[in-house]
Amino acid sequence: MTSAVTTDKSARPGYGQLLRTPGAIGFVLPGFAARLPFGMLTISILLLVQHTSGSYGSAGIVAAVTGVSMALSAPVMGKFTDRRGQSAVLVPVVLMHATAVSTLVALALLGAPVWALALAAVPAGASVPQVGPMVRARWAAKLEGSPLLPTAAAFESVTDEFTFVVGPVLATALCTGVHPAAGLITEAALTLAGGLVFAAQRATQPKAHAAPAGGEKHASALSFPGLRVLIVAFLGIGAVFGGMQVSLAAFSNEIGNPGANGLLYGVFAAGNMTAGIACGAIAWKIGPRRRLLLGYAGLTVAASVLWTAHSMILLGALGLVVGLCIAPALITGYTMIESLIPANARTEAFTWLTGAVAFGQATAVTLAGRLTDAHGSSYGFLVPMAGTVLALATLLALRSSLAPKAPSRIINSSAGTPAAAPEVPAARGNERGVGHRVPVTVD
């Protein structure tokens, strides 16, 4: 059975209307508190271990182990959540994470060797809760068939962007202004408190769905070429985050002003957030594939000149431009999942992208740490350049894999996320179906 959902410009759904959805604030606020630590973990480990060991290289190794563990566990956690339910997974996971991070902090402050810190980093990374995909699933279950669904997708993309940017700024301020361990301690506390409160909101969580009977298996999200291409793109974005974190910290130390790290990363964050909010509010007239390619090309050019900056003012300006370029690529990539991946594999797909950012960040932290130790911060900035160049080349070569496959919006309650409707021609409206009268088929 199908029905048509239409919206027009005079009744355009907005962020305010979205947040007035009954029960929304109950999972949005604790969900944000529980996912903000995602952006704090790597930089907090980096700054703490660098303080206790005196080496960016050693700090990068520990941070990288955390990121790799997080990236490998995220899709598994996403699948298990679909089968068992959000609360059943989230409660033990956040308890495990708080314990693992506390152990890591204690070992670092006691001067444990790098191998011991790396070993402790495995459970710390593997237990990072995948709250972002869980929030997306709640929106989809709450707004099934509603014209607010595209607004929810944009809101979540902006929230993800906020997490990636503000988390490191908060962690840097705590580690440099309070105590080197303050970032990790706050990260663990926010994860535990936010995760438990979020898990308690059972009324809005999607129903759990057991494995299909008769031995039938759902197709893995990785079996779709479009996701594999997006993963490469998100690895490059992670390389920017990781390379910037290490290199900005090293540059600030080189100029004799460690506190400048927070200011420089704050400027980068300001550009990122400004572009993120704009991307979520604009009624785009060009398709997401073109937006992704154009946005990523701009990010690559901006990241490729960071290494040339030798003054705080110039580096701040370049960091602002890089921040402005990240948001369009990141948000568009998340949005494209709805048109590239079937509903029964979409939660897993979101966790793969989140894991790709973490893995790219971890790899970049390691490489930039080694280069910075050996040659200085300028060489650390080569890592974002290399990551984005390789990712852009992949996007251009395999761009045909990013063409939308779904002819209509299909709601699948088991996955909790809607597929996207086909793009509307640019001359007539925008692809999200917001701001113009656009028919949306609901099966």
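Residues numbered from 1 in each chain as written. Predicted model: local features only at pLDDT ≥ 70, side-chain atom pairs only at ≥ 80, totals over all residues. Heavy atoms only, no water.

(A) View of the overall build of the chain. The number of helices and strands found in the chain is 16 helices and 2 strands. Taking all 443 residues of the chain together, the buried fraction comes to 57%. Looking at the chain as shown, the accessible area adds up to about 16,800 Å², and 67% of this sits on carbon and sulfur atoms. (Helix = DSSP H or I, 4+ residues; strand = E, 2+ residues; numbered from the N terminus. Buried < 20%, exposed > 50% of the residue type's maximum accessible area, 1.4 Å probe, protein only. Areas by Shrake-Rupley, 256 points an atom, 1.4 Å probe, with all protein chains shown as cover.)

(B) The arrangement of the pattern of salt bridges in detail. The full count for this structure, using the stated rule, is 1 salt bridge. The partner of Glu156 in a salt bridge is Arg35, with the nearest N and O atoms 2.7 Å apart. Of this pair, Glu156 sits in helix 8 (residues 149-177) while Arg35 is found in helix 2 (residues 24-35), placing the two residues 121 residues apart along the sequence. (Salt bridge = Lys/Arg side-chain N within 4 Å of Asp/Glu carboxyl O.)

(C) View of the packing of aromatic side chains. For the coordinates displayed, the defined rule picks out 5 aromatic pairs. Summarising the aromatic geometry, the rings of Phe27 and Trp139 are spaced 5.0 Å apart at their centres and angled 70° between planes, so their arrangement reads as edge-to-face. Placement of the pair is Phe27 in helix 2 and Trp139 in helix 7 (residues 131-142), with a sequence separation of 112 residues. For Phe27, a relative accessible area of 0% gives the class buried. One aromatic cluster in this structure is built from Phe27, Trp139 and Phe155. The ring of Tyr334 has Arg136 lying over it, and the distance from NZ or CZ to the ring centre is 4.7 Å. (Phe/Tyr/Trp six-rings, centres within 6.5 Å; stacked < 30°, edge-to-face > 60°. Lys NZ or Arg CZ within 6 Å of the ring centre and 35° of its normal.)

(D) Looking closely at the nonpolar core. Formed by 93 residues in total, the largest nonpolar core has its most connected members in Phe234, Ile237, Phe241, Tyr296 and Ile326. If one sorts the elements of this core by residue count, helix 10 (residues 225-254) sits on top with 16 residues. Both domains that meet at this core, namely domain 1 (24-207) and domain 2 (222-403), each give it at least three residues. The contact partners of Tyr296, leaving out residues within four places of it in the chain, are Val232, Ala233, Gly236, Ile237, Ala329, Thr388, Ala391, Leu392 and Leu395. Core analysis: the next-biggest nonpolar cluster, separate from the first, contains 18 residues, Val94, Val135, Leu143 and Leu149 among them. (Core = buried A, V, L, I, M, F, W, Y, C linked by side-chain atoms within 4.5 Å. Domains from an automatic or database assignment. Contact = heavy atoms within 4.5 Å.)

(E) Broad picture of the packing of helix 10 against helix 12 (residues 288-303). Contact geometry for helix 10 and helix 12: axes closest at 12 Å, N-to-C directions at 30°. Taken together, the axis directions place helix 10 and helix 12 in an arrangement best described as roughly parallel. You can see that helix 10 and helix 12 cross each other, and the crossing is left-handed. Across from Leu230, Val232, Ala233, Gly236, Ile237 and Val240 in helix 10, the residues of helix 12 making contact are Leu292, Tyr296 and Leu299. (Axes fitted to C-alpha atoms, helices over the stretch in contact; angles between N-to-C directions. Parallel < 35°, antiparallel > 145°, perpendicular 65-115°, else oblique. Left-handed = near helix turned anticlockwise from the far one by under 90°.)

(F) Spotlight on the side chain of Thr191. Topologically, Thr191 is positioned in helix 9 (residues 182-200). Residues in contact with Thr191, not counting those within four places in the same chain, are Ala34, Pro37, Val94, His97 and Pro129.

(G) Structural detail: the confidence of the model for the chain. Across the chain, pLDDT averages 79, with 84% of residues at or above 70. Taken together, the stretch residues 1-12 has pLDDT below 50 and engages in 35 contacts with residues farther than four places along the chain or on a different chain. Ignoring residues within four places in sequence, the model shows residues 406-443, a span with pLDDT below 50, making 120 contacts including any to other chains. (pLDDT = per-residue confidence, 0-100.)

(H) Seen up close, the packing of helix 5 (residues 86-109) against helix 6 (residues 114-126). Two elements in contact, helix 5 and helix 6, have axes whose closest approach is 8 Å; the angle formed by their N-to-C orientations is 165°. In terms of their interaxial angle, helix 5 and helix 6 are classed as roughly antiparallel. The two elements helix 5 and helix 6 meet at a crossing, and its hand is left-handed. Here His97, Ala100, Val101, Leu104, Leu107 and Ala108 of helix 5 come into contact with helix 6, specifically with Ala116, Leu117, Ala120, Ala121, Pro123 and Ala124. Considered class by class, the residues forming the contact of helix 5 with helix 6 number 11 nonpolar, 1 polar and no charged. (Nonpolar A, V, L, I, M, F, W, Y, C, P; charged D, E, K, R; others polar.)

(I) Expanded view of the environment of Gly276. Secondary-structure assignment places Gly276 in helix 11 (residues 260-281). Accessibility expressed as a relative area gives 0% for Gly276, which makes it buried. With 49 residues separating them in the primary sequence, Gly276 and Cys325 have C-alpha atoms 9.4 Å apart.

(J) Representation of the environment of Leu324 in the model. Position of Leu324 relative to the elements: it lies in helix 13 (residues 312-340). Assessed through its relative accessible area of 35%, Leu324 is described here as partly exposed. Taking the C-alpha atoms as reference, Leu324 lies 9.5 Å from Gly295; in sequence the two are 29 residues apart. Those residues in contact with Leu324 that sit more than four places away from it in its chain are Gly271, Asn272, Thr274 and Ala275.

(K) Region of the structure containing the side chain of Ser69. With respect to the element layout, Ser69 can be found in helix 4 (residues 56-84). A distance of 2.9 Å separates a polar side-chain atom of Ser69 from the backbone oxygen of Val65. When residues no more than four places from it in sequence are discounted, the contact partners of Ser69 are Ala121, Val122, Gly125 and Ala126. (Polar contact = N/O pair within 3.5 Å; in protein donor to acceptor, adjacent residues only side chain to side chain.)

(L) Examining the environment of Gly323 more closely. Relative to the elements of secondary structure, Gly323 occurs in helix 13. On the accessibility criterion, Gly323 (0% relative accessible area) is buried. Sequence separation between Gly323 and Ala303 is 20 residues; the distance between their C-alpha atoms is 9.6 Å. Filtering out sequence-adjacent residues up to four positions away, Gly323 remains in contact with Phe268, Gly271 and Asn272.

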